[in-house]
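# Chains, contacts and geometry: an overview
As a plain string of letters, each chain reads:
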Amino acid sequence: MVRRSLKRILLVEDDPDIQTVTSMALGSFGGYTVHVCGSAREALDSAASFKPDLILLDVMMPGMDGLDTLKALREIPATATTPVIFLTARVQPADVALYNELDSLAVIRKPFEPTALVETIHGLWARYRDQAD
Amino acid sequence: MKADLVELTEQYSTALREYCRGGGEAALLRAYQLGRRAVTGGAGVLEMAGLHQEALVAALLEMLALDESARIAKRASEFFAECLAPFELTRRGFEEAHAAMCDLNEGLERRLSAVLQDFESAQDELLEQKRMEKLKNDFISVISHEVRTPLTSIHGALNLLKSGLGGELNVQGVRLLDAAYRNSQRLVRLVNDLLDLQRIESGTMTFNLRPVDLRSLLEQSIEAGQPHAGQLETQLVLQRAPAGVRVRVDSDRMMQVMTNLLSNAAKFSPRGETVVVEAVRLDSRVRVQVTDSGPGVPAEFRARIFQKFAQAAPSSDRGGSGLGLSITKAIVEHMSGHVGFESEPGRTTFYFDLPEWRPRAAARQKAAGDTWSADH
């Protein structure tokens, strides 16, 4: 049962410019607390202490990619069931089919409108909460 | 009979006579060997029997010197030769059949070789097609990632600046930002259109077909397209749409189709003019049409207007990818529809027809009256 509201977002993204734009939009328009990680390693290290309500996860990252990161996050108790949204430029049909097979809430395609991002996430969160209830 | 064979048979005949006269193993062996060579060289059974007959008769005549015995011996050998005739005929039949089989085999070999050659060239062609397909997919993959990533930052930053996050800009700053934002939007559309095209061509675009109310869908599309039309100083108006008409479509894809048609119409419409949207019933189908009062589609462009990367004037600054109409056509056709246009200077109408969706119950009622089914 998920009753809590969306407050804390873990953003895993290796591109510093996309980090800036995304975290600025989430912070300024959504009022969320955003923790930015530039790699899978950083995300795995900070997941337990940050305790995110939602994870925004890039797919193409040096080292461990987003798909393996998701599997590793599921091994950590703090993020074992945390909803994950892929935020990715890899949206070929075969890629999307793969994301859908994984335990992800949704896929947001890059490029996106940062001003619309909060609304999109808000809608996805509401749907997630309804389904979990 | 060939000269060699004639000579061989003569030698054989002589050897036989010698054996009949004198006997002995050496003479028999010599006759046997000559006989084998004659048969191998082509002498038939009857010819060989003739030789045997002559040798036997000659030997008997020499040995017995009695006419009566010789006559009997001659008849016996004739009878013997006659007995062999069917075997000879069978052998010749076999030879003819063998020759015919050889001809047939050669023909089959030729045909098989031609088929194999065709197969190999078809295989080469298929491999080439696959190679080209892979190249295309690799290219789109590169576009997809390598262009999307920087575009996310550029478009995102411009979007945030336009939202006022960076503070107020002066008039020139606003104009520059608008130009940058507009063009980044154009790039975003291009990469998205490329992806849609790939999905359509590979058959991986998904369609969630459901009956939807056409009028409200058109109203939504006009509401969504109004801001863009406003930027171009045109207005979108839904002039008429029958109430209660439903079509079985994917709503998102329908919105995409309408966005393409409305955006095109607004783009080509003179400033201050109105783009008119109408929906009309045509028997079992419904036609949605979007009319603008722009300059019209140039005659030389009409035949390829729905093709990929088709633009009337590539250098124009109207800002399309040249993919919108081909995507529109593919989507509409996937929903059992048809697209078309009519154009003259000052009035261009793009339209698409879709089957009108009616519930099964209504269709059954109607089917009671005639055999026509409304449930498509």
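The structure displayed is predicted, hence computed values, not measured ones.

Turning next to the overall build of chain A. Of regular secondary structure, chain A possesses five helices and five strands. Its helices and strands in sequence order give chain A the pattern β-α-β-α-β-α-β-α-β-α, from N to C terminus. Per-residue burial over chain A gives 35% buried out of 133 residues. Sequence separation of 24 or more characterises 64% of the internal contacts of chain A that already satisfy a separation of 6 or more.

What follows is about the overall build of chain B. Each helix and strand counted, chain B has nine helices and seven strands in total. The 376 residues of chain B split such that 23% are buried.

Listed by partner, the interface residues are 19 residues for chain A and 20 residues for chain B. Sorting the residues of the side of chain A that touches chain B by element identifies helix 1 (16-30) and helix 5 (114-132) of chain A as the ones contributing at least two each. Among the elements that make up the side of chain A that touches chain B, the one with the highest residue count is helix 1 of chain A (six residues). Among the residues forming the side of chain A that touches chain B, the class breakdown is eleven nonpolar, three polar and five charged.

So, about the pairing of strand 7 (residues 347-357) of chain B. Strand residues, when the strand is regular, have side chains that alternate between the two faces of the sheet. All names here are of chain B. Summarising the sheet, strand 3 (residues 246-249) and strand 7 pair through two bridges and their orientation is antiparallel. What sits directly across from R246, in strand 7, is W357. Looking at chain direction, strand 5 (residues 285-292) and strand 7 are connected through eight bridges and run antiparallel. Of the residues in strand 7, the one forming a bridge with D292 is T348. Between strand 6 (residues 338-344) and the antiparallel strand that follows it, strand 7, lie two residues; G346 among them carries a positive phi value of about 90 degrees.

With that settled, consider the sheet that holds strand 1 (residues 8-12) of chain A. Strand pairing in a sheet relies on backbone hydrogen bonds. The paired strands run either parallel or antiparallel. Residues and elements named next belong to chain A. Spatially, five strands are ordered 2-1-3-4-5 in an open sheet, and the strand pairing comes out parallel. In this open sheet, the two strands that pair with only one neighbour each are strand 2 (33-37) and strand 5 (106-109). Going across the sheet, the axis of each strand differs from the next one's by a mean of 20 degrees, ignoring polarity. As judged from the four bridges shared by strand 1 and strand 3 (residues 54-57), these two strands associate in the parallel manner. Bridge assignment links L11 to a residue of strand 3, and that residue is L56. Lying on the sheet, helix 1 is in contact with strand 1 and strand 2; it crosses strand 2 at an angle near 165 degrees.

Turning our eyes to something else, we now look at the confidence of the model for chain B. All names here are of chain B. Averaged over every residue, the pLDDT of chain B is 84; the share at 70 or more is 87%. The weakest mean pLDDT in chain B belongs to helix 9 (residues 360-369) at 53; the strongest belongs to strand 5 at 96. pLDDT under 50 marks residues 369-376. Its contacts with residues more than four places away, or in other chains, come to 14 contacts. Interface confidence for the predicted complex, expressed as ipTM, amounts to 0.85; the pTM equals 0.61.

Here the amide bond leading from A:K110 into A:P111 is cis, since omega sits at -5 degrees, within 30 degrees of zero. The residue A:P111 is located in the loop between strand 5 and helix 5 in this model. Located in the positive-phi region is B:S336, a residue other than glycine, with phi close to 65 degrees. Residue position: B:S336 is located in the loop between helix 8 (324-334) and strand 6. According to the C-beta neighbour criterion, B:S336 is partly exposed, with 15 such atoms within 10 Å.

Next up on the list: helix 3 (residues 66-74) of chain A. Think of an α-helix as 3.6 residues a turn; residues three or four steps apart then line up on the same face. Residue and element names in this part refer to chain A. When we look at burial in helix 3, the residues that qualify are G66, T69, L70 and L73. Here the buried residues of helix 3 occupy an arc of 105 degrees about the axis, which is enough to place them on one side. Along helix 3, the residues that are exposed and aim more than 90 degrees away from the buried face are D68 and K71. The inward-facing, buried residues of helix 3 abut strand 1, helix 2 (40-50), strand 3 and strand 4 (84-88).

This next bit is on the packing of helix 1 of chain A against helix 5 of chain A. Residues and elements named next belong to chain A. In contact at an axis separation of 9 Å, helix 1 and helix 5 are set at 65 degrees when each is read in the N-to-C sense. As for how helix 1 packs across helix 5, the hand of that crossing is right-handed. On the side of helix 1, the interface is formed by V21, T22, A25, L26, F29 and G30, while helix 5 contributes P114, T115, L117 and V118. Looking at the contact of helix 1 with helix 5, its residues break down into seven nonpolar, three polar and no charged.

Right, let's get into the pairing of strand 4 of chain A. Residue and element names in this part refer to chain A. Burial of strand 4 is extensive: five of the five residues sit out of reach of the surface. Of the two faces of strand 4, the one lined by V84, F86 and T88 and the one lined by I85 and L87 are each fully buried. Here three bridges tie strand 3 to strand 4, and the two strands are oriented parallel to one another. Following the sheet pairing, I55 is matched in strand 4 by V84. Running through helix 3, the crossover from strand 3 to the neighbouring parallel element strand 4 is right-handed. Here strand 4 runs beside strand 5; their pairing, made up of four bridges, is parallel. Paired with F86 across the strands is V107, a residue of strand 5. The parallel pair strand 4 and strand 5, bridged by helix 4 (residues 93-101), forms a crossover whose chirality is right-handed.

What counts and how
- Residues numbered from 1 in each chain as written.
- Chains lettered and ligands numbered in written order.
- Predicted model: local features only at pLDDT ≥ 70, side-chain atom pairs only at ≥ 80, totals over all residues.
- Helix = DSSP H or I, 4+ residues; strand = E, 2+ residues; numbered from the N terminus.
- Buried ≥ 20, exposed ≤ 12 C-beta atoms within 10 Å, placed from the backbone.
- Contact = placed C-beta atoms within 7 Å.
- Nonpolar A, V, L, I, M, F, W, Y, C, P; charged D, E, K, R; others polar.
- Pairing = 2+ DSSP bridges.
- Axes fitted to C-alpha atoms, helices over the stretch in contact; angles between N-to-C directions.
- pLDDT = per-residue confidence, 0-100.
- Arc of directions from axis to C-beta.
- Left-handed = near helix turned anticlockwise from the far one by under 90°.
- Right-handed = clockwise from strand over helix to strand, strands pointing away.

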